[in-house]
Amino acid sequence: MNVNALRPQRFKLYIETYGCQMNVNDSEVVVAILAREGFSVTQDMQQADLILINTCSVRENAEQRIRGRLDVFRIEKKQRPGLLVGVIGCMAERLKEQLLEEEKAVDLVAGPDAYRDLPQLVRNAGTGQKAVNVLLSREETYADISPVRMDKNGVSSFVSIMRGCNNRCAYCIVPYTRGVERSRSHETILQEVTALVEAGYKEVTLLGQNVDSYRRDSADETISFARLLEDVAAVSPALRVRFATSHPKDMTDEVLHVMATCHNICKSIHLPAQSGSTRILELMRRRYTREWYLSRIEAIRRILPSCAISTDLIAGFCTETEDDHRESLSLMQQALFDYAFMFKYSVRPNTPAARKMKDDVPEEVKSRRLQEIIDLQGLLSAQSKQRFIGHTVEVLAENISKKSPDQLSGRSSQNMVVVFPKKHYAPGDYVQVHIIECTPATLLGEAL
Ligand code: SAH
Ligand code: SF4
Ligand code: F3S
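Residues numbered from 1 in each chain as written. Chains lettered and ligands numbered in written order. Predicted model: local features only at pLDDT ≥ 70, side-chain atom pairs only at ≥ 80, totals over all residues. Heavy atoms only, no water.

A. Quick look at the domain arrangement of the protein. According to the domain assignment, the protein contains domain 1 (11-133), domain 2 (156-384) and domain 3 (392-447). A separation of 36 Å is found between the C-alpha centroids of domain 1 and domain 3. (Domains from an automatic or database assignment.)

B. Here's a closer look at helix α7 (residues 186-198). For α7, which comprises 13 residues, the first-to-last C-alpha distance of 18 Å matches the rise-based estimate of 18 Å (1.5 Å per residue) to within 8%. Within the sequence span of α7, burial applies to His 186, Thr 188, Ile 189, Leu 190, Glu 192, Val 193 and Leu 196. Of the surrounding elements, those touching the buried residues of α7 are β7 (156-160), β10 (203-207), β11 (215-217), β12 (222-224) and α8 (225-233). Directly after α7, the chain includes Gly 200, whose backbone phi takes a positive value near 95°. (Helix = DSSP H or I, 4+ residues; strand = E, 2+ residues; numbered from the N terminus. Expected span 1.5 Å × (residues − 1). Buried < 20%, exposed > 50% of the residue type's maximum accessible area, 1.4 Å probe, protein only. Contact = heavy atoms within 4.5 Å.)

C. Fine view of the site of ligand 2. Every residue lining ligand 2 is accounted for by Cys 165, Asn 167, Arg 168, Cys 169, Tyr 171, Cys 172, Val 174, Pro 175, Gln 209, His 247 and Arg 286. When its residues are assigned to classes, the shell around ligand 2 shows six nonpolar, three polar and two charged. (Near = heavy atom within 4 Å. Nonpolar A, V, L, I, M, F, W, Y, C, P; charged D, E, K, R; others polar.)

D. Seen up close, the packing of aromatic side chains. Taken as a whole and judged by the stated rule, the model has eight aromatic pairs. With a centroid separation of 5.4 Å and 35° between ring planes, the pair formed by Phe 11 and Phe 39 is classed as tilted. In this pair, Phe 11 sits in strand β1 (residues 11-17) while Phe 39 sits in strand β2 (residues 39-41), placing the two residues 28 residues apart along the sequence. Taking the centre distance of 5.2 Å and the plane angle of 75° together, the rings of Phe 225 and Phe 243 count as edge-to-face. Taken as a pair, Phe 225 in helix α8 and Phe 243 in strand β13 (residues 240-244) lie far apart in primary sequence, 18 residues in all. Given the relative accessible area of 6%, Phe 243 is considered buried. Within the aromatic cluster, the residues linked to one another by ring pairs are Tyr 171, Phe 317 and Tyr 345. The positively charged end of Arg 59 is found above the aromatic ring belonging to Phe 343, 3.6 Å away from the centroid. (Phe/Tyr/Trp six-rings, centres within 6.5 Å; stacked < 30°, edge-to-face > 60°. Lys NZ or Arg CZ within 6 Å of the ring centre and 35° of its normal.)

E. A look at the site of ligand 3. In the region of ligand 3, the neighbouring residues are Gly 19, Cys 20, Asn 23, Thr 55, Cys 56, Ser 57, Val 58, Cys 90, Val 174, Arg 178 and Gln 209. Partitioned by chemical class, the residues of the shell around ligand 3 number five nonpolar, five polar and one charged. Among the domains, domain 1 (11-133) and domain 2 (156-384) are the pair contributing at least three residues each to the shell around ligand 3.

F. Representation of the packing of helix α11 (residues 290-303) against helix α12 (residues 322-335) in the model. Interaxial distance between α11 and α12 falls to 11 Å at its minimum, and their mutual angle equals 15°. Our classification of the angle between α11 and α12 gives roughly parallel. Crossing of α11 against α12: the hand is right-handed. Mapping the contact onto sequence places Arg 290, Tyr 293, Leu 294, Ile 297 and Arg 301 in α11 and Glu 327, Ser 330, Leu 331, Gln 334 and Ala 335 in α12. (Axes fitted to C-alpha atoms, helices over the stretch in contact; angles between N-to-C directions. Parallel < 35°, antiparallel > 145°, perpendicular 65-115°, else oblique. Left-handed = near helix turned anticlockwise from the far one by under 90°.)

Written as structure tokens, this is what we have:
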């Protein structure tokens, strides 16, 4: 590929994204940066001049999946020698130059704070030079870049409000791959949300590893997450607002009161517990106890009675006993989570847990505990859905259902997927749906 003379629309970029919502939004930033250099996105890998894979390191199996994709790209490169392949995101940050050495397919490596350098890295890689930038930044928030939206529906969109994380939970690689926490300016967030509303979007999800620690000082005031949320909700009454992720140690009642006051902030909170055992939480360095976690659940139920609560749980962290595990199960029963993301503990190199603790829960014990957690959550999720049967919920229609062109699918304020006959409605409409029945993953109803 001759990258010395980049001109508008001359090159095709194929990009695959793995990992969290933050990565989805970062890929949109990357597309915006490369669009200025003449790249347009293709969905067809075989048309691409440049393949980028935006990667996740959070668990070992996430990385294995990416290695598998790199094998596929290597075969593609054999057929088309000019093709360039770049690894970006968290795995790029974690493995750095090592990726160039280990993976024959890889021509360039860029960490999450180095995306402005991608045009230069592509040029270098195109002339056979080394192309690695994994510098982390204390300031970079890509605040001035308008992400090129890659969602297909034009209804809902992500907006990053901060980057990095300062928490250093013992098991977690994120602080090392994403760097220190920094909040994006309040004005640029509001500008981006306003532009999305003008472009017809109906829902934004504000993203950060720990949104509750959002903080921006201006000349005369400090903007907290509660204030930011209120300001984003005020951009338009027709816009729905979601956010993730909340941290149990930092989530304030003030945020809950803002949610109660603003009708267009969705009643759904993702509050990762990780474990129900105070002893394990301490070893994980989560900086809250089981009792504190349950008191936050109680605050949500009191201030926001209709709010859905979801969580993340890890089975088999270092030293976890059967008693600790039963405490996770009993926490689930007390909190009555509406849904959960559930994982087996996976050692991540150079994290505090990897350095100081032994991964001593046998694989088969981890698997069995995870299965018990999944089974219990299956029951809780079913109960949570059954509560809606016979009730009417407001749904933002997002897509034509994958299973039938006559059905629309969307989500309720509580983030439940709802499917209903399309009639005259279209994606982007708010629809009152009477819920008739449910499947394990979905509420089914009739538009009123
Ligand atoms: N910032 C968010 C989540 C980041 S990672 C928070 O603080 O909750 C998403 C989830 O992956 C975590 O909540 C955790 O449950 C899981 N996770 C992170 N590291 C893990 C590891 N080493 N093994 C298994 N699960 C892990
Ligand atoms: Fe990882 Fe903890 Fe930060 Fe979440 S808060 S990203 S789990 S270190
Ligand atoms: Fe994965 Fe990085 Fe997100 S490790 S979960 S892509 S912050």
